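Chain residues, written in single-letter form:
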Amino acid sequence: MSNDFTALGIRQTLSKILKESGITVPTPIQIQTIPYLLTGKDLVAQSQTGTGKTLAFLLPILESIDITKACVQALIITPTRELAQQIDKEAKKLAIPLSINVVSVFGGHTLEKQTHQLKGQPHIIIGTPGRILDHARRKALELGGVRRLVLDEADQMLHMGFLGEVEEILVLTPEQRQTILFSATIPSKIRALADRYMKKPQDIRVKTPSVTLNEIRQIVVELNPAEKADRLCQMIDEYRPYLAMIFCHTKQRVIALNMELIRRGYAVDEIHGDLSQNKREQVLRRFRETRLQLLVATDIAARGLDIEGVTHIFNYDIPHDTESYIHRIGRTGRAGETGIAVTFAVPGEEKYLRLIEQGIQAPLRRHRLKYLREIPAASIITAAGIKTESTRKKAADRRPAPSKKATLPSHGGTNLRSRRKHAAPTTSDDRTKGRNAKRSRPS
């Protein structure tokens, strides 16, 4: 097994940049795919989130770019803005020292601004299907020079109804190109797409049981619908997560739950598709900087977000398929860390639990809660390990100084919430001034 990137065929300059970022040892998906991709052949890779697949396709692309040619040579298509942003950030860290120009295009920013960036003759384009097509139709983006094309999270593009747009983009690129497809699962429609547009692709599957089994403690809480909000708050108070993400099915439920948690005094905000790109970026920045403890989200945040320090995932609404479950809980237990995933199940949802158990090939531990302490929080936290000391220290360095007016309970530095027992109801004016400002009222 190769223990460094140069052994995989990556130039010393790139390996040095990776080392400076703390990346020295390739992951299994990188070891299996990078040497093959450097040959220029097509590839279908099945790998779960959090396995290092972004570098698996980015590094061979960067090795292939000819900076003397002023045209788009590589195109990376992603299902969501967040994933496009994440890949863009990774790509620019590696590309700028090599004088490789990277531009990302996705919704939430004006077409005019992106059109201006496209005039700078980028070598690599990263974007969502709709926005890539918008620019191509306006003749602002020319794809005739593309030699490397990546479809990242292909099953999610199928789930979101983007396959038609993806096929339109594929038609606009040269037939003599390398096509790379990464997906957590390979449904029949994705396989059919590969058969139509790829040339004898190599199939690589990296099994990562740690994504769903070893690194994440999974729990199912069986309860009535009316109990959900109270049980969620009880578990947050008992487990005291460092950072937690709470998933709901729809933006309406996200908004309602976020408002309820604000009313109860938690440091929380929401993310869903109706927010502007600027607002989404603000919310994610505050969450990453630990100025929020809780993030309520739709499945838009289930893929592509790599946020250090997420210790708990709460499926407030149970996922209806295995892929969504895997990607939701995959926001924790990343990069060798551990986490806890709690799924609420109400009467009538047993079929979804069975579907998930079949998909992950493991039983989920069920609890019918009459009392919260049926699941001892301390033992779960100990079993999960929560955070390594190095990660705690890095996050603690970013943490605002605690207020001298209040003494927080001792919990090993894993909870950044400042809560009052009697939180005043919030108004629209309160939310305008700051959703997570501390609120209290006289007893």
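This text goes with the structure placed above it.
Every chain's residues receive numbers from 1 upward, in the order its sequence appears when written. Two thresholds apply to this predicted model, a pLDDT of at least 70 for residue-level local features and 80 or more for giving and counting side-chain atom pairs, whereas whole-chain, interface and lining totals are computed over all residues. Excluding hydrogens and water, the side-chain figures rest on all heavy atoms present in the structure.

**Notes on the overall build of the chain**
Which entries qualify depends on this criterion: Working definition: helices are DSSP H or I runs of at least four residues, strands are E runs of at least two. Numbering for both runs from the N terminus. For every residue, the accessible area obtained with a 1.4 Å probe (protein chains only) is divided by the maximum for its type, and the residue is called buried under 20%, exposed over 50%, and partly exposed between those limits. What makes two residues a contact is simply this: any of their non-hydrogen atoms within 4.5 Å. Computed by Shrake-Rupley with a 1.4 Å probe, the accessible areas treat only the displayed protein chains as cover when residues are assessed.
From N to C terminus, the chain includes 17 helices and 14 strands. Sorting the 443 residues of the chain into buried and exposed places 54% on the buried side. Counted over contacts in the chain with a minimum sequence separation of 6, partners at least 24 positions apart contribute 75%. When the accessible surface of the chain is summed, it comes to about 20,200 Å², and 50% of that surface belongs to carbon and sulfur atoms.

**Thoughts on the sheet that holds strand β3 (residues 102-105)**
Convention followed: Two strands form a pair only when DSSP identifies at least two bridges running between them. Between N-to-C directions, angles span 0 to 180 degrees; the directions come from axes that are lines fitted to C-alpha atoms, helices contributing only their stretch in contact.
Taking strand neighbours across the sheet as the criterion, the seven strands line up as β3-β4-β2-β5-β6-β1-β7 in an open arrangement whose pairing is parallel. Taken across any chain shown, the strands that pair with only one partner, and hence form the sheet edges, are β3 and β7 (202-205). Each adjacent strand pair in this sheet contributes to an overall mean axis angle of 15°, direction not counted. For strand β1 (residues 43-46) and strand β6 (residues 178-183), the ladder comprises four bridges, and the chain directions are parallel. Counterpart to Ala 45 in the pairing with β6 is Phe 182. Each of β2 (74-77), β3 and β4 (124-127) touches helix α4 (residues 81-95); the most contacted strand, β3, lies at about 175° to it.

**Quick look at the nonpolar core**
One recurring pattern in soluble globular proteins is that nonpolar side chains are buried together. For the record, the criterion: Residue types Ala, Val, Leu, Ile, Met, Phe, Trp, Tyr and Cys, when buried and joined through side-chain atoms within 4.5 Å, form a set referred to as a nonpolar core.
Of all hydrophobic cores here, the largest spans 40 residues; its most connected members are Phe 57, Leu 59, Ile 76 and Ile 124. Among the elements of the structure, α1 (12-20), α2 (28-37), β1, α3 (53-64), β2, α4, β4 and β6 are those that each provide at least two residues to this core. The leading source of residues in this core is α3, at seven residues. Those residues within four positions of Ile 124 in sequence are excluded, and the remaining contacts are Ile 61, Leu 62, Ile 65, Ala 74, Ile 76, Ile 100, Asn 101, Val 102 and Val 103. Core analysis: the next-biggest nonpolar cluster, separate from the first, contains 31 residues, Leu 243, Ala 301, Leu 353 and Leu 364 among them.

**Side note on the pattern of salt bridges**
Cut-off, in case you're wondering: We define a salt bridge as a side-chain nitrogen of Lys or Arg found within 4 Å of a carboxyl oxygen belonging to Asp or Glu.
According to the stated counting rule, one finds 25 salt bridges in the structure shown. The closest approach of N and O atoms between Asp 152 and Lys 53, which form a salt bridge, is 2.9 Å. In this pair, Asp 152 sits in the loop between β5 (148-151) and α7 (154-159) while Lys 53 sits in helix α3, placing the two residues 99 residues apart along the sequence. Pair check on accessibility: Asp 152 and Lys 53 agree, each one buried. Between Asp 317 and Lys 228 there is a salt bridge, with the nearest N and O atoms lying 3.0 Å from each other. In this pair, Asp 317 is assigned in the loop between β12 (310-315) and α13 (322-329) and Lys 228 in helix α10 (residues 228-239), connecting sequence segments 89 residues apart. Residue class for Asp 317 comes out buried when judged on its relative accessible area of 4%. Each of the salt bridges in this network shares a partner with another, and the network as a whole consists of Glu 222, Glu 350, Glu 357 and Arg 366.

**Notes on the packing of α2 against α3**
Relative orientation and spacing of two packed helices are given, respectively, by the angle between their axes and the distance between those axes. Basically, it comes down to this: Orientation is classified from the angle alone, with under 35 degrees giving roughly parallel, over 145 giving roughly antiparallel, 65 to 115 giving roughly perpendicular, and any other angle giving oblique. By convention the crossing between two helices is left-handed if the near helix lies anticlockwise of the far one by an angle smaller than a right angle, and right-handed if it lies clockwise. Charged means Asp, Glu, Lys or Arg here, nonpolar means Ala, Val, Leu, Ile, Met, Phe, Trp, Tyr, Cys or Pro, and polar covers whatever is left, Gly included.
Here α2 crosses α3 at 20°, and the two axes come no closer than 9 Å. Classified by the angle between their axes, α2 and α3 sit roughly parallel to one another. Every pair of crossing elements has a handedness; the one defined by α2 and α3 is right-handed. Each of Ile 29, Gln 30, Thr 33, Ile 34 and Leu 37 in α2 lies in contact with α3, whose residues at this interface are Lys 53, Leu 55, Ala 56, Phe 57, Leu 59 and Pro 60. Of the residues assigned to the contact of α2 with α3, the class counts are eight nonpolar, two polar and one charged.

**Comments concerning the environment of Ile 255**
You can see Ile 255 is positioned in helix α11 (residues 251-263). A residue is classified by how much of its surface remains accessible, and Ile 255, at 29% relative accessible area, is partly exposed. Ile 255 sits 41 residues away from Val 296 along the chain, and the two C-alpha atoms are 8.2 Å apart. If we ignore the near neighbours within four places in the chain, the residues touching Ile 255 are Glu 270 and His 272.

**Side note on the sheet that holds strand β8 (residues 216-222)**
Read across the open sheet, the seven strands follow the order β10-β11-β9-β12-β13-β8-β14; overall the sheet is parallel. The open sheet has two free edges, formed respectively by β10 (268-271) and β14 (365-368), since each of these has just one partner strand. The sheet shows a mean angle of 20° between the axes of neighbouring strands, taken without regard to direction. Pairing of β8 with strand β13 (residues 339-345), which is carried by seven bridges, proceeds in the parallel orientation. Residue pairing for β13: Val 221 is matched across the bridge by Phe 344. On top of the sheet, α10 reaches β8, β9 (243-247), β11 (294-297), β12 and β13; it is set at about 165° to β13, its chief contact.

**Notes on the packing of aromatic side chains**
Where two aromatic rings form a pair, the distance of their centres and the angle of their planes describe that pair. Stated precisely, the cut-off is as follows: Ring pairs are drawn from Phe, Tyr and Trp, using the six-membered ring of Trp, whenever the two centres fall within 6.5 Å, and their geometry is named by plane angle: stacked under 30 degrees, edge-to-face over 60, tilted for the rest. Only lysine NZ and arginine CZ atoms are considered, and such an atom sits over a ring when it is within 6 Å of the ring centre and within 35 degrees of the ring normal.
Under the counting rule described, the total for this entry stands at two aromatic pairs. Note that Lys 228 overlies the ring of Tyr 316, its terminal NZ or CZ placed 5.2 Å from the centroid.

**Points about the side chain of Lys 228**
Classification of Lys 228 as buried rests on a relative accessible area of 6%. The residues contacting Lys 228, other than those within four sequence positions of it, are Leu 223, Arg 253, Tyr 316, Asp 317, Phe 344 and Val 346.

**Some details on α11**
One turn of an α-helix holds 3.6 residues; hence residues three or four places apart share an orientation. Convention followed: Each residue after the first adds 1.5 Å to the expected span of a helix. To obtain the arc, one takes the directions from the helix axis to the C-beta atoms.
Its 13 residues give α11 an end-to-end C-alpha distance of 18 Å, which sits within 8% of 18 Å, the value for a rise of 1.5 Å per residue. For α11, the complete set of buried residues consists of Val 254, Leu 257, Asn 258, Leu 261 and Ile 262. Taken around the axis of α11, the buried residues stretch over an arc of 140°, which confines them to a single face. With its phi angle positive at about 95°, Gly 265 sits one or two positions after the end of α11.

**Here's the deal with the packing of helix α8 (residues 163-172) against helix α9 (residues 188-197)**
Where α8 contacts α9, the axes come no closer than 12 Å and their chain directions differ by 10°. Judged by the inter-axis angle, α8 sits roughly parallel to α9. Facing α8, whose interface residues are Leu 163, Val 166, Glu 167, Leu 170 and Val 171, α9 presents Lys 189, Ile 190, Leu 193, Arg 196 and Tyr 197. Of the residues that constitute the contact of α8 with α9, the class distribution is seven nonpolar, no polar and three charged.

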